[in-house]
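Now for the letters of each chain:
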Amino acid sequence: AARISSKSKTVARRSPRRLRVIAFAYFLKGRRERPPDAPGVFKFIFVGSLVIGKRVDLLLRALAGLSARPFEVEIVGDGPVRTALERQANEKLPGRTVFLGTVRMNDAIDRIAAADCLVLPSAHDGWGAVVSEAQINGTPVVCSSSLELGIDIGLVDRVLIAGGARGVTSTL
């Protein structure tokens, strides 16, 4: 028998008598060919909305702690904090950060496949579909402990426990 979580039981108790279930499916296209790595340069990628809750600012502060190592980071997505993040990246990681804005889904998947590590430091994420995209393409994932489902079923390579930039730096 399937195990029902306490969260599910609470939702069921508080829900209206009539529930409308809307089916949701997320279909993955399959594994992409990984391009050859650039010699000596490790490539991090973040894909998502540039909003406060995604904590891209934390990622940038953490990467600044790795400044002695050769790496670059691509930020794919757009949102209300993009300008502030670009300013932070120019200050803390000059020449190492590329903001691509919103790209087509196939382009985002190709970029995930070409990266060495996807980082998703969100304060909360119900699923994080980019984790599935990374895993099917063999790209390791580091995400926050808020990505409960991905952690529960073993999709995540490393988990960022709540904490500041130093903890994230040591995980990366």
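Residues numbered from 1 in each chain as written. Predicted model: local features only at pLDDT ≥ 70, side-chain atom pairs only at ≥ 80, totals over all residues. Heavy atoms only, no water.

Side note on the environment of Pro94
Note on placement: Pro94 falls in the loop between helix H3 (82–92) and strand S3 (97–101). Here the alpha-carbon distance between Pro94 and Ala64, two residues 30 residues apart in the chain, equals 9.8 Å. (Helix = DSSP H or I, 4+ residues; strand = E, 2+ residues; numbered from the N terminus.)

Here's the deal with H3
Listing the buried residues of H3 in full gives Arg82, Leu85, Gln88 and Ala89. The arc that holds every buried residue of H3, seen down its axis, measures 125°, which confines them to one face. Turned more than 90 degrees away from the buried face of H3 sit Thr83, Arg87, Asn90 and Glu91, all of them exposed. Each element contacted by the buried residues of H3 is listed here: helix H2 (56–64) and S3. (Buried < 20%, exposed > 50% of the residue type's maximum accessible area, 1.4 Å probe, protein only. Arc of directions from axis to C-beta. Contact = heavy atoms within 4.5 Å.)

Looking at helix H5 (residues 129–136)
Within H5 the residues assigned to the buried category are Val130, Val131, Ser132, Glu133 and Ala134. Downstream of H5 by a residue or two, Gly138 has a phi angle that is positive, lying close to 75°.

Brief notes about the packing of aromatic side chains
Per the counting criterion, the structure on display carries two aromatic pairs. Taken together, a centroid distance of 5.9 Å and an interplanar angle of 75° make the contact between Phe44 and Phe71 edge-to-face. Here Phe71 lies in strand S2 (residues 71–76) and Phe44 lies in strand S1 (residues 42–47), a separation of 27 residues in the sequence. Within the aromatic cluster, the residues linked to one another by ring pairs are Phe42, Phe44 and Phe71. Seen from the ring of Phe71, Arg96 lies directly overhead, with NZ or CZ sitting 4.3 Å from the centre. (Phe/Tyr/Trp six-rings, centres within 6.5 Å; stacked < 30°, edge-to-face > 60°. Lys NZ or Arg CZ within 6 Å of the ring centre and 35° of its normal.)

Here's the deal with the pairing of S2
Successive side chains on a regular strand alternate, one facing one side of the sheet and the next facing the other. In terms of burial, S2 is a largely internal element, five of the six residues being buried. Here S1 pairs with S2 via six bridges, running parallel. Across the sheet, Phe46 pairs through a bridge with Ile75, a residue of S2. Regarding topology, H2 serves as the crossover connection from S1 to the parallel S2, and that connection is right-handed. Crossover handedness for the path S2 to H3 to S3: right-handed. (Pairing = 2+ DSSP bridges. Right-handed = clockwise from strand over helix to strand, strands pointing away.)

Points about the pairing of S3
With burial as the criterion, only one face of S3 is covered, namely that bearing Thr97, Phe99 and Gly101; the residues Val98 and Leu100 on the opposite face remain uncovered. Pairing geometry for S2 and S3, over four bridges, is parallel. Its bridge partner lying in S3, Val76 is registered against Gly101.

A few points about the nonpolar core
One finds Phe44, Val47, Leu50, Leu63 and Leu118 to be the most contacted residues of the largest nonpolar core, which totals 32 residues. Taken together, the elements giving at least two residues each to this core come down to S1, H2, S2, H3, helix H4 (105–114), strand S4 (117–120), H5 and strand S5 (141–144). (Core = buried A, V, L, I, M, F, W, Y, C linked by side-chain atoms within 4.5 Å.)

Quick look at the pattern of salt bridges
Under the definition given, this model contains six salt bridges. Of the charged contacts in the structure, one is a salt bridge between Glu74 and Arg111, with a shortest N-O distance of 2.9 Å. You can see Glu74 sitting in strand S2 and its partner Arg111 sitting in helix H4, a full 37 residues away along the chain. Judged by its relative accessible area of 9%, Glu74 falls in the buried class. Note that Asp107 and Arg104 form a salt bridge whose closest N and O atoms lie 3.8 Å from each other. Judged by its relative accessible area of 57%, Arg104 is exposed. (Salt bridge = Lys/Arg side-chain N within 4 Å of Asp/Glu carboxyl O.)

Here we look at unusual backbone geometry
Positive phi outside glycine occurs at Arg55, with the angle close to 55°. Assignment of secondary structure puts Arg55 in the loop between S1 and H2.

Coordinates in, geometry out; function isn't part of it.
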